[in-house]
Amino acid sequence: DMLIGARTKLINQARGLVKSFGHRLPTCDTDCFHTRAEPEIPEPLKPALAPLLKAVTTLTEQIKQLDKVVEQVAKQYPDAEVIAQVDGVGVLTALTFLLTLDDKTRFKKSRMVGAFLGLRPKRDQSGKTDKQLGITKAGDSFVRKLLVNSANYILGPFGKDCDLKRW
């Protein structure tokens, strides 16, 4: 997560510097940013952005290596493979979810998992008012972030058509 965040900040920095010179870098996936952006950088900025692009390249390689490690670890947990079958839920999300819950039998009902992860709305009850506020954000923030990203993918424009999306 930290490597991805650092890579994103470096890419945004490069885009901002180029934009301040009146140019724009092409829209592309972060994995290929360093190859697609390099020819589009204005000549006066190339010496300044070369180390930045090299850092993006190095971070991308390290992220790919760590993704392979996560996939190897996930093979030790058969439930992770089942969870990752859902379109929009990756191996990292499935593995992090499983390892955070630890023993799934400790929850009497599946609804309790949402509360454990901080995905349950807060309530403000007083007299006749019963307001529903934002989620409690109790529990592991990294798991919550991964689950919200998966939900946004599934329910957003990129997710495949499914019963959940139609509902």
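Note that the structure is a prediction, hence the values are computed from the model and not measured.

Draft legend 1. Highlighting the nonpolar core. Among the nonpolar cores identified, the biggest contains 13 residues, and Ala14, Val18, Leu25, Phe33, Ile41 and Leu49 are the most heavily contacted of them. When contributions to this core are tallied by element, the ones reaching two or more residues are α1 (2-20), α2 (33-37) and α3 (46-74). When residues in this core are grouped by element, the largest group, four residues, is from α3. Beyond its immediate sequence surroundings of up to four residues, phenylalanine 33 is in contact with Ile11, Ala14, Arg15, Leu25, Cys28, Leu53 and Val56.

Draft legend 2. Region of interest: the side chain of arginine 7. Tracing the backbone shows arginine 7 in helix α1. Judged by its relative accessible area of 6%, arginine 7 falls in the buried class. At a separation of 3.4 Å, a polar atom in the side chain of arginine 7 contacts the side chain of threonine 60. Those residues in contact with arginine 7 that lie beyond four places of it in its chain are Thr30, Asp31, Val56, Leu59, Thr60 and Ile63.

Draft legend 3. Structural context of unusual backbone geometry. A positive phi angle, close to 65°, is found at aspartate 102, a residue other than glycine. By the element assignment, aspartate 102 lies in the loop between α5 (91-101) and α6 (111-116).

Draft legend 4. Layout of the pattern of salt bridges. Throughout the structure, instances matching the rule amount to eight salt bridges. As a salt-bridge pair, aspartate 31 and arginine 7 come within 3.2 Å of each other at their nearest N and O atoms. Linking aspartate 31 in the loop between α1 and α2 with arginine 7 in helix α1, this pair joins segments that are 24 residues apart in sequence. A salt bridge links lysine 131 to aspartate 124; the shortest N-O distance between them is 3.6 Å. On the basis of relative accessibility, which here comes to 30%, the residue aspartate 124 falls in the partly exposed class. Look at the salt bridges and you will find they share partners, linking Asp161, Asp163 and Arg166 into a network.

Draft legend 5. Highlighting a nonpolar patch on the surface. A cluster of nonpolar side chains, namely Leu66, Val69, Val73, Tyr77 and Leu99, defines an oily patch on the protein surface of about 400 Å² accessible area. No other element matches α3, which puts three residues into the nonpolar patch. Along the chain, tyrosine 77 falls in the loop between α3 and α4 (78-83).

Draft legend 6. Seen up close, the environment of phenylalanine 21. Here phenylalanine 21 is to be found in the loop between α1 and α2. In this structure phenylalanine 21 comes out as partly exposed when scored by relative accessible area, which is 48%. The spacing of phenylalanine 21 and proline 44 is 23 residues in sequence and 9.6 Å in space, taken between C-alpha atoms.

Draft legend 7. Up close: the packing of aromatic side chains. Under the criterion given, the structure shown has two aromatic pairs. A ring pair is formed by phenylalanine 107 and phenylalanine 116, whose centres lie 5.3 Å apart and whose planes are at 65°; its orientation type is edge-to-face. Ring centres of tyrosine 153 and phenylalanine 158 lie 6.4 Å apart, and the angle between their planes is 15°; this geometry places the pair in the stacked category. Relative accessible area serves as the criterion here: at 33%, tyrosine 153 is assigned to the partly exposed category. A cation over an aromatic ring shows up here: arginine 106 above the ring of phenylalanine 116, its NZ or CZ 4.7 Å from the ring centre.

Conventions and cut-offs
- Residues numbered from 1 in each chain as written.
- Predicted model: local features only at pLDDT ≥ 70, side-chain atom pairs only at ≥ 80, totals over all residues.
- Heavy atoms only, no water.
- Core = buried A, V, L, I, M, F, W, Y, C linked by side-chain atoms within 4.5 Å.
- Buried < 20%, exposed > 50% of the residue type's maximum accessible area, 1.4 Å probe, protein only.
- Helix = DSSP H or I, 4+ residues; strand = E, 2+ residues; numbered from the N terminus.
- Contact = heavy atoms within 4.5 Å.
- Polar contact = N/O pair within 3.5 Å; in protein donor to acceptor, adjacent residues only side chain to side chain.
- Salt bridge = Lys/Arg side-chain N within 4 Å of Asp/Glu carboxyl O.
- Patch = residues over 30% accessible without salt bridge, like charges linked within 9 Å, V, L, I, M, F, W, Y side chains within 5 Å.
- Areas by Shrake-Rupley, 256 points an atom, 1.4 Å probe, with all protein chains shown as cover.
- Phe/Tyr/Trp six-rings, centres within 6.5 Å; stacked < 30°, edge-to-face > 60°.
- Lys NZ or Arg CZ within 6 Å of the ring centre and 35° of its normal.

Coordinates in, geometry out; function isn't part of it.
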